Structures are given as structure tokens and as C-alpha cells.
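# Close look at the chain arrangement
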Amino acid sequence: MLADFIERLRGILPRLDALLVGLDDDRAHRQLEGKWSIAQNIGHLSDVEDLWQERLEDLRAGKKTYSPAVGARFQELAKRHQDRSVAETLKELESRRMRLIEALAHASPELQRASAFHERLQVSMRLVDCAQFYAEHDGHHLIRIRRLRIMLGLDVG
């Protein structure tokens, strides 16, 4: 199953490219409903790659509990994406995501068997479980971007 989730993770950039057709930076940076813009959603996908790497290190180090996601940290990081071009953010995401894919694809059998406890979800997770979680996280933000496109009048609901 790990290979399946790696493939889903690899597909984020082509899926984002399809969602960016006809979208200029002005509309990409519009915040609607008091929530993150399309640019901020894309930026979050890049920002969260650091957490995914921390959690890989947690497994390698044999930690019992994964490093937690700190919501305030991501809220602060999201602000910077309003001042960047979407192209710049995509380039950053591509670089960071390739690092994750490489790490997952070359994970040793020992690393694949290791697990740690995810406090927020209240479950122990192996590497494959993390990869599934990361792919689902991508999907959540892709759906949000699609919803924002509809709200901007770029797509039909």
C-alpha cells in the first residue's frame, strides 16, 4: 500500500496545475469567507512538508509519539503566501514534496515497521499510515481549492 500512497503524493503537482488553469495571482490571493486563499492552501501544502519530515525523523529516532502539528505555527506561515507568487510557492512545494517521496520510496523495512502514537488522532501509525494521512490531507486542500474556484466563478458547482 505504501507505493499506492506514494503515487497519490506524487500527483499533487499535476492536480494543482489543473486547478490553476485560468487563475491569476490576484484571484489566487483572495480570501473568501474569512478563510485561507487558494495561494495559502497551496502554501500550507508546502509548509506542512516540514512536519512530515519531522515525523519521519520521529520514526527513525524510535520516538513513541509523533511531533504535533501546531495550528498557530501554520496560521503564521500562511500569511507569507499572500505576498508570494503562486508559481514561487509551487516551486517550493515541488522541491519539498520530492524530498518526502524519496524518503518514503527508499524507507528501509525497519522504518516501514516502526510506529509512533499520533496524539490528536489517538492512534498508533506506521509509515504507510502516515503516507495515507498525508495523501488525505492533500485531498482536503484540493477540495478546498476547488470550492474557492467555484466561489470565484471559475468553475461550476
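Before going into details, it helps to say that this report is about the structure given with it. (Residues numbered from 1 in each chain as written. Predicted model: local features only at pLDDT ≥ 70, side-chain atom pairs only at ≥ 80, totals over all residues. Heavy atoms only, no water.)

### A short note on the pairing of strand 2 (residues 123–126)
Definition in use: DSSP calls a pair of strands paired once it identifies at least 2 bridges connecting them. Numbering of helices and strands runs from the N terminus, with a helix taken as a DSSP run of H or I at least four residues long and a strand as a DSSP run of E at least two residues long.
Summarising the sheet, strand 1 (residues 115–118) and strand 2 pair through 4 bridges and their orientation is antiparallel. Across the sheet, residue Phe-117 finds its bridge partner in strand 2, namely Ser-124. Turn length for the strand 1-strand 2 hairpin, with the two strands adjacent in sequence and antiparallel, is 4 residues, and the turn residue Gln-122 shows positive phi of about 60 degrees.

### Looking at helix 2 (residues 12–19)
How we decide: Here's how the labels work: a residue is buried when its accessible area is under 20% of the maximum for its type, exposed when over 50%, partly exposed in between, all with a 1.4 Å probe on protein chains only. This arc corresponds to the set of directions leading from the helix axis out to the C-beta atoms. By definition in these notes, contact holds between two residues if any of their heavy atoms fall within 4.5 Å.
Every buried residue belonging to helix 2 is among Ile-12, Leu-13, Leu-16 and Leu-19, and all of these are buried. Seen end-on, helix 2 carries its buried residues on one side only, within an arc spanning 120 degrees. Looking at helix 2, the residues exposed on the side facing more than 90 degrees away from the buried face are Pro-14 and Ala-18. In this structure, the buried side of helix 2 is in contact with helix 1 (2–10), helix 4 (38–60), helix 6 (86–105) and helix 8 (127–151).

### Concerning the packing of aromatic side chains
Here is the rule we go by: Note on ring pairs: Phe, Tyr and Trp rings are taken, using the six-membered ring of Trp, and paired if centres are within 6.5 Å. Classes follow the plane angle, with under 30 degrees stacked, over 60 edge-to-face and the rest tilted.
Counting across every chain of the model gives 3 aromatic pairs. When the centroid spacing of 6.1 Å and the interplanar angle of 80 degrees are considered together, the rings of Trp-52 and Phe-133 count as edge-to-face. You can see Trp-52 sitting in helix 4 and its partner Phe-133 sitting in helix 8, a full 81 residues away along the chain. Ring geometry for Phe-133 versus Tyr-134: centroids 6.4 Å apart, planes at 70 degrees, classification edge-to-face. Across the pair, Tyr-134 and Phe-133 agree in class, each one buried. By the ring-pair criterion, three or more aromatic residues cluster together here, those being Trp-52, Phe-133 and Tyr-134.

### Thoughts on unusual backbone geometry
In this structure, Glu-33 takes a positive phi of about 60 degrees despite not being glycine. If you check the backbone angles, Gln-122 has positive phi at about 60 degrees while not being a glycine. Mapped onto the secondary structure, Gln-122 falls in the loop between strand 1 and strand 2.

### Things to note about the environment of Leu-51
Along the chain, Leu-51 turns up in helix 4. In this structure Leu-51 comes out as buried when scored by relative accessible area, which is 1%. Taking C-alpha positions, Leu-51 is 9.5 Å from Val-70, a pair spaced 19 residues apart along the chain. Once you skip the residues sitting within four places of it in the chain, Leu-51 turns out to touch Ser-67, Pro-68, Ala-69, Arg-73 and Phe-74.

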